[in-house]
Every structure is written in structure tokens, then in C-alpha cells.
Number of protein chains: 2
Amino acid sequence: MKSFVTVPENSDFPIQNLPYGVFSTKEDSRHRLGVAIGEHVLDLGAVKSFYPVQFHDALTSTVLNPLMSLGYEAWSEVRRITQNLLLEGSELHKNTNLQSTALVPLSSVQMHLPANIGDYTDFYSSIHHATNVGIMFRGKDNALMPNWKHLPVGYHGRASSVVVSGAPIRRPFGQTLPVDGADPVFGPCRLFDFELEMAFFVGGSPTELGERVTTEEAAKRVFGFVLMNDWSARDIQKWEYVPLGPFTAKNLGTTISPWVVPVAALEPYKVENFPQEPQPFPYLRHEQKFNFDIKLEVDIKPAKGASTTVCRSNYKNLYWTALQQIAHHTVTGCNLNPGDLMASGTISGDASDSFGSMLELSWKGTKQVQLLGGESRKFLQDNDEVVIRGHCQNDDVRIGFGTCSGVVLPAKPFE
Amino acid sequence: MKSFVTVPENSDFPIQNLPYGVFSTKEDSRHRLGVAIGEHVLDLGAVKSFYPVQFHDALTSTVLNPLMSLGYEAWSEVRRITQNLLLEGSELHKNTNLQSTALVPLSSVQMHLPANIGDYTDFYSSIHHATNVGIMFRGKDNALMPNWKHLPVGYHGRASSVVVSGAPIRRPFGQTLPVDGADPVFGPCRLFDFELEMAFFVGGSPTELGERVTTEEAAKRVFGFVLMNDWSARDIQKWEYVPLGPFTAKNLGTTISPWVVPVAALEPYKVENFPQEPQPFPYLRHEQKFNFDIKLEVDIKPAKGASTTVCRSNYKNLYWTALQQIAHHTVTGCNLNPGDLMASGTISGDASDSFGSMLELSWKGTKQVQLLGGESRKFLQDNDEVVIRGHCQNDDVRIGFGTCSGVVLPAKPFE
């Protein structure tokens, strides 16, 4: 399968990928739906006439929610048509006039949040991450909470503070407890961290309150995946999180990559689901493979200095699948909307260089993480840029996710 | 101050109240903004010509978000004009034609969610409730967590599952742990509960990520209050909530009353803020009174049988004010949007008949709560209706909140 649009070697965006995003340009500030191909964006509104008329409203929207709501069969059809349009010899290939308006250089676009995120949920589905954190805070014998292997632990996050890659994130002020039993202090966060995550957007028509979504139905409700950095103020979190969970330590900003990679593009990279013991309750079981070999890495780039890859992990480390996450999320009747975002939780592997946070990499600040050029880190410093990348690779094709990046701004003093 | 619209004695909606809601009628299914007056709704779109033109878009919207976003000064002006319109001798009083379209009988309207709720946050701000729950689960000596008096503990809730009064709520299925150390079981929730809460809608223009809102600024961002029932599956919550907080035990449904009572209507009922010891950090301090004497009660009405008031509480029992809740919510930089909903947490007083949940009223199921007609309850049973009411009262005026009600439907078996 070959596109007439040039796709450089090692591009994240070959014709087998076709991720969706929302973009604008300097010349045209309208938010528009696009598909990334090589070093270009295909403006879906500009080529809508090639798609059935019932999809036109969705394709000319300013967000992906209407397309997400059309459902699984429509996504397949839209993808098939887009792929055909970009093949050598297509109608678009023959129409250089249309190409000049419909194919926009990636270098000239600004990317926006791909969807209006109605609700954002963060799971905690990496067994290595949960075990690491458990060992640090409760010791080896009680590392995993008793519920952890019975249900995908998760919590509701803040939707408003989800931002798109490139937005700077400000180091927060907050309350922390210097020593157990002492009085809390107030000041800038000292243990500022990234969390390597992936997240998926929910699609399909809205469900009703009181309706459960089975794992089988869930398979048709995962629209696509993005990379995520769930920035975390560790010291603030530790003080605030009992008994109702993380709050201001997390709602300071959550960054996602702008390109939503459809599940269809990830099919060739499916791997066995993570073995689960004990077997979960029937409502969480599924035969279908819904785990993916997605190589992930995190770079830290200080304001002055080279970029260092501090973590190499993989999506396949997740114990709970997206289908199980959806089935559990709705088991008590929670309703879903297209555009809801569900994140994996920090994705750590079992090797010490595969841990998805500084908390784990520096083992709670007990050791330095070396950067190229002589610097080192226990947690993030001001002006550090954190860049998350992800891709799938087989003999033939590389499916990439682009980047999810953000710079840590210094805390803003009180006036 | 007297309206030309008849206001029966003990009405919740005298001319001093003027709460906002969104309604439709059988004849006209469009969602419209209205103000309750006596036994009528004033259709704001129908009288928009009396308001400055810059408010017309907000007044003809299908939700309150645009009005909320206009900000404090605009709310005052809209309220002043509405009040004048409803006074004896007003232009509307003289125009019986207009009255016939603009004044809709309350009995003929269907109420809807008043706003698109971008994010919903639930606090835990009643010291009596937090102490009660603490005693039950951790004993008297460790009842309040160490952080509780230093910051308004809260967590992000699920916005999609907030519904308006009248919507039935289905008893959920979920995982519970029958005995510590045993295997979890899966089945219908056995400890289904209400939580008596109040909540406010955030107004003003959206804030930027990284921006803090001071307690002083917060005073101009509270649009108005509603009653809330934060339905809770206690047994499911107990098993799932460590370490990241309540999740599926809460997202099965949260009911709010349809009429948003403006803060201006509550001014005469302001009381001293709850005494705070230790003094909180400066970012949480404020001199301004922002506590309210709002009498609250909860009735349970079995499918067959009379209604029994099982709880009489008061909003003034809250330790943390709404201004402190907003300042804390944004201290790490979380951005706010008009239409965000922030709830108080269960409002319990110190008397045993003022506890705001069955968990407390039955003291963890150790005693029966007697209902009129001989029935009793430890937790809610199928087909029980829970009705929350609230009002302020002084010598002159009663400001009511209407009702917040819902029936418990039986659990839906798995096929």
C-alpha cells in the first residue's frame, strides 16, 4: 500500500496509520479535522465530497466528537475512503488543485485538543507501577492493595485541565507535610513529576445512565489512542490524597498528544492480554486480544543541554485492558459520552529503566537519574521539557503517535 | 416588595428568590431559561426585550452557562430587571398578552439540567460527617485525617452522571468484600445510600490553566446553589476506594434540584463562618461571611406508605466555605469554567437526627431508622423515594430550593 503523498522513512504517519487530529493554520484560524500523512495533514473538510453525505457534518466539525459518536462501522468506512483517497492513482492524486488546498504541511499547522472531553478518567492498570508505588509506601509484603487484581482501580480526573502537547505546565504551589506528625507547609511543589501514560477516546452514541457496557460492546467503543503525560505533584498528593484520592496534585494539567491513532491502525500490533490470576469476575472477562505492542519512551531535556531518554516502556505492560476498563467503569451504571477520555495510569515495565515516572526512576528520590551532559535529576526541575513518544513497529510498517511534550514553568509567586 | 404574580404562603419562590432553571413544556419542547415565581415560571426568552441587548444571547440559550459566564455584575443587573418586571405596576403587569406567553404554570413544565456541567467536584466539608465516618471506620482517636482541618478535602466526580430531580436511580451491581481477607463477591449493592448535599455552580469567564483564584475573587464566582443527593453504594465504595478514592460507587448517579438559587437571594441568611482552628494558610483565609442558614431535610417515602423526615440538617454546619473550596481547587492552577459544579459533601449536624446519610443515621447499620407506618430502614430499599428539601426563613421571607428527589429502582439482573 503506497500513498502518493511522500512519507519519509521512519515517519510516524504512513498510510497504514491515518490518525485524526484538529488543526488550524496561521492563514485560517478555524479548527478543522485532519488526518496526518507523512509530513502533511489531509484537511477532511476539504475532501468531504468523497465521503457519504451523512458523514459531512462530522467531517466539517471543529472537534472529533461527532465523528466519534457515529460509531464503529462509520469509522471503518471513513478510514477506508481516506486510505483510498491517499493511494497512488486516486481521485485526489489526479487533482493537483484540490491537493493544494486539502494537503497542508504539518510544519505549518497548530494542533488543538482533538475533542471536547466530557469526562476524563485515570486508571491505575500497570502492575509494575502499582507494585513499585506500593513497595515504596507500604513495603514489599503489602505492595498491591487487596482489590487491585480484582478490578481496574481508577478515579475521576479533571477534564478542564487536559491540554494538548506543547502547552507549558506551571510548577504548582500547594500544601505538603515535611515530616509525619509535623505541621504542613505551603510553598512550591518540590517533587514535580511526569507520568508516562496512554489514553483512549470513547466513541459510539451516548449510553444511558444505568446501562452497563459489556467487554464485547466495549471493543466497538474505543475510538483511538493518544500519548499522555499526567503531571503529578508528588509531595502535594501525599498530603492531600487520604481518604478521597488525588485532587489538586493532578488537576494542574494533563498533556495529551494531538493525533488520535485509530484502533484499526493498531490491529497488526495486537499481542496476548496480560495473564490475570485470579481470574476476574465474568463481567470483566474477554477472549478477544486487546493488548498492543506499543514502544514508549520518555525524554527529559533541560533548558540548556541535550535530551536524555530516561524511560523505555511498553503499553503491553498493562494488566487490565481498555475493554475491562470500560466494562468496570459502567458496571454500576455510569453513562458514557463520545469524547470521554480514559487513561491507563503510569505504564511501567519490570526493568528499572522502564519505570514511567521519576518517583520510580529515582526510587522516591533515593537515587539520581543521570542525564547526558553531566546533569542529574531526582524529580523535574524548572524549564525541563518532558517529551513522550510512542510507536509500533513490525517488519513492514511503523505506526507512530507523534509527541506529547511540555515544559515545566517556574512556580508563580504569590503577590 | 410584592409581585403581581400570586405567591402562595409558604411558597419556595417569592419575588425575593427568583431562582434560575431550564424548562420545556409539552407544547414546546425547546429547552428555555426560566425564573420561578410563585406557581409560575417566567420565560426569560419571552421577555428578553426588557433586558440590555448584550444579554439576549444568554437569555435565549438552552442552558445557563452563557448567563453564568457573563459574571457577577451582569447577574446583578439581570436580577434587578427581573425583579422589577415582576413587581406590581410593571410593564409586564400591564401587558396581559405578554403575560399569557411569558408566565407558564409550574405544573405544566418539565425541568432539565440547568447547565452543561463541564466538571463536577465533590468536597467533604462537614466536620460532623467527616468525624462520624472517621469514628466508624478508624475509631474515635483517629476520626479526622491529619489533613482535614488544613485543606478542604475533595475529589473529582463524574459530570456525565449528574441528573436532574425526578430521574430514577438504579441500584447498581458491583464488587464488595463480605469479610476482610475473604474473596470479593459480585452482586447487587446491599448498602445503598443517599447523601444530603448542596452544590454551587461556578460562574464568570473561564480561568486559565495555571491561574489561582483567591477567596476574594471567588466571592464573585459563585453563581448560585442547588440541593444535591450524591447517591452512594457504601459496600462497593468500601472495597474499591483504596488508594485513589470513590469511583463506581458514586458515578451511578448524582441528583440535583432544578432551580439554581442566586447568592443574592441568600444574602439575608448569611451567618458567621464556621470557626476554624488551626487558622488555615493565608490562601484559604477570608473575612467575608460566606456561610448560610439553610434548613435542610431528607424524607424517605417507601413505595407503599407515608413519607418520613429522617434527617434535619443545615448548610451552616459546613466547616469550609465555598470561597475556600474554590481557592483550594485552583491553588495548584486548575482552570475553572462557567457551569462547573462543586458540591459540599454530606452535610451532617452534631445531633443524631441531623446526620445526612443512612450510613450515619443507622450508624453503619447497627440500628434501625424508624419510618412512619411501622417500617424501618438501615439503608435504602428498592422503590424508596428520597426527597431533599431546603429553605431559608426569617421573619419576613422564605427562600426555598424546591425539591431534589429520586426513586431507587431495583437492580437490573445480568442476562
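- Chain A appears in an unreviewed UniProt entry as Fumarylacetoacetase from Aedes aegypti.
- Recorded in UniProt under Pathway (unreviewed entry), the annotation for chain A is "Amino-acid degradation; L-phenylalanine degradation; acetoacetate and fumarate from L-phenylalanine: step 6/6."
- Regarding chain A, the relevant UniProt record gives this comment under Sequence similarities (unreviewed entry): "Belongs to the FAH family."

1. With respect to the UniProt feature "domain: Fumarylacetoacetase N-terminal" (unreviewed entry) in chain A
Now for step 1: Within the UniProt annotation, "domain: Fumarylacetoacetase N-terminal" (unreviewed entry) is assigned to residues 16-114 of chain A.
Now for step 2: Strand forms 23% of residues 16-114 of chain A and helix 36%; the C-alpha atoms that close the span are 20 Å apart.

2. A word on the UniProt feature "binding site: Ca(2+)" (unreviewed entry) in chain A
Residue and element names in this part refer to chain A.
Now for step 1: The UniProt record annotates "binding site: Ca(2+)" (unreviewed entry) at Asp122, Glu195, Glu197 and Asp230. The greatest C-alpha distance among the residues just named is 11.4 Å, despite their covering 109 residues of sequence, which places them together in space.
Now for step 2: Mapping aspartate 122 onto the fold places it in strand β6 (residues 120-123).
Now for step 3: On the basis of relative accessibility, which here comes to 2%, the residue aspartate 122 falls in the buried class.
Now for step 4: Setting aside chain neighbours within four positions, we find aspartate 122 in contact with Gly154, Tyr155, Glu197, Asp230, Ala343, Ser344 and Gly345.
Now for step 5: Along the chain, glutamate 197 turns up in strand β13 (residues 196-202).
Now for step 6: In this structure glutamate 197 touches Asp122, Leu227, Met228, Asp230, Ala343, Ser344, Gly345, Thr346 and Ile347, once residues within four positions along its chain are discounted.

3. Describing the sheet that holds strand β3 (residues 40-43) of chain A
One key point about sheets: their strands pair by backbone hydrogen bonds, in either a parallel or an antiparallel sense.
All names here are of chain A.
Now for step 1: The strand order β4-β3-β2-β1-β5 describes an open sheet built from five strands, whose pairing is antiparallel. Two strands bound the open sheet, and with one partner strand each, they are β4 (103-105) and β5 (109-112). Shown here is a sheet whose adjacent strand axes are inclined to one another by a mean of 50°, direction ignored.
Now for step 2: Where strand β1 (residues 20-25) and β5 come together, four bridges link them in antiparallel fashion. Bridge pairing in β5 places threonine 25 opposite valine 109.
Now for step 3: Across the sheet, helix α3 (residues 72-86) lies against β1, β2 (32-37) and β3, angled at about 60° from β1, the strand it touches most.

4. Quick notes on the relation of the copies chain B and chain A
Think of it as a corkscrew move, a rotation about one axis and a shift along it, taking one chain copy to the other.
Now for step 1: Mapping chain B onto chain A is achieved by rotating through 180° and translating by 0.0 Å along the same axis, at an RMSD of 0.0 Å. Look at the turn and shift together and you get a two-fold axis relating the two. Minimal C-alpha distance to the rotation axis in chain B is attained by B:Gly245, lying at 2.1 Å.
Now for step 2: Looking at chain B, 100% of its interface residues are interface residues in chain A too, so the copies touch through the same face.

5. A look at the interface of chain B and chain A
Now for step 1: Between chain B and chain A, the contact holds 63 residues from the first and 63 residues from the second.
Now for step 2: Roughly 5700 Å² of surface becomes buried between chain B and chain A when both sides are summed, with 62% attributable to carbon and sulfur atoms.
Now for step 3: For A:Asp340, the salt bridge identified is with B:Arg158, shortest N-O distance 2.5 Å.
Now for step 4: One can count 32 residue pairs in polar contact (both at pLDDT 80 or more) joining chain B with chain A.

6. Considering the environment of B:His391
Residues and elements named next belong to chain B.
Now for step 1: Inspection of the secondary structure assignment puts histidine 391 in strand β25 (residues 385-393).
Now for step 2: Residue classification places histidine 391 among the buried positions, given a relative accessible area of 18%.
Now for step 3: Each C-alpha atom of the pair histidine 391 and phenylalanine 401 lies 5.9 Å from the other, and the pair is 10 residues apart in sequence.
Now for step 4: Apart from the residues lying within four places of it in its own chain, the contact partners of histidine 391 are Asp293, Ile294, Lys295, Arg398, Ile399, Gly400 and Phe401.

7. Describing the pairing of strand β1 (residues 20-25) of chain B
All names here are of chain B.
Now for step 1: Buried residues dominate β1, accounting for six of its six residues.
Now for step 2: Burial along β1 is two-sided: Tyr20, Val22 and Ser24 facing one way and Gly21, Phe23 and Thr25 facing the other are all buried.
Now for step 3: As paired strands, β1 and strand β2 (residues 32-37) are joined by four bridges and run antiparallel to one another. Within β2, the residue paired with phenylalanine 23 across the bridge is arginine 32.
Now for step 4: Counted between consecutive antiparallel strands, the loop separating β1 from β2 contains six residues.

8. A look at the sheet that holds β1(B)
All names here are of chain B.
Now for step 1: The strand order across the open sheet built from five strands is β4-β3-β2-β1-β5, with neighbouring strands paired in antiparallel fashion. If you trace the sheet from one side to the other, it starts and ends with β4 (103-105) and β5 (109-112), each paired once. Adjacent strand axes in the sheet meet at a mean angle of 50° when their direction is disregarded.
Now for step 2: Packing of helix α3 (residues 72-86) onto the sheet brings it into contact with β1, β2 and β3 (40-43), and relative to β1 it is tilted by some 60°.

The rules we used
Residues numbered from 1 in each chain as written. Chains lettered and ligands numbered in written order. Predicted model: local features only at pLDDT ≥ 70, side-chain atom pairs only at ≥ 80, totals over all residues. Heavy atoms only, no water. UniProt positions renumbered as here; feature names shortened; annotations may be inferred. Helix = DSSP H or I, 4+ residues; strand = E, 2+ residues; numbered from the N terminus. Buried < 20%, exposed > 50% of the residue type's maximum accessible area, 1.4 Å probe, protein only. Contact = heavy atoms within 4.5 Å. Pairing = 2+ DSSP bridges. Axes fitted to C-alpha atoms, helices over the stretch in contact; angles between N-to-C directions. Least-squares fit on C-alpha atoms with pLDDT ≥ 70 in both. Buried area = accessible area lost by both parts, 1.4 Å probe. Salt bridge = Lys/Arg side-chain N within 4 Å of Asp/Glu carboxyl O. Polar contact = N/O pair within 3.5 Å; in protein donor to acceptor, adjacent residues only side chain to side chain.

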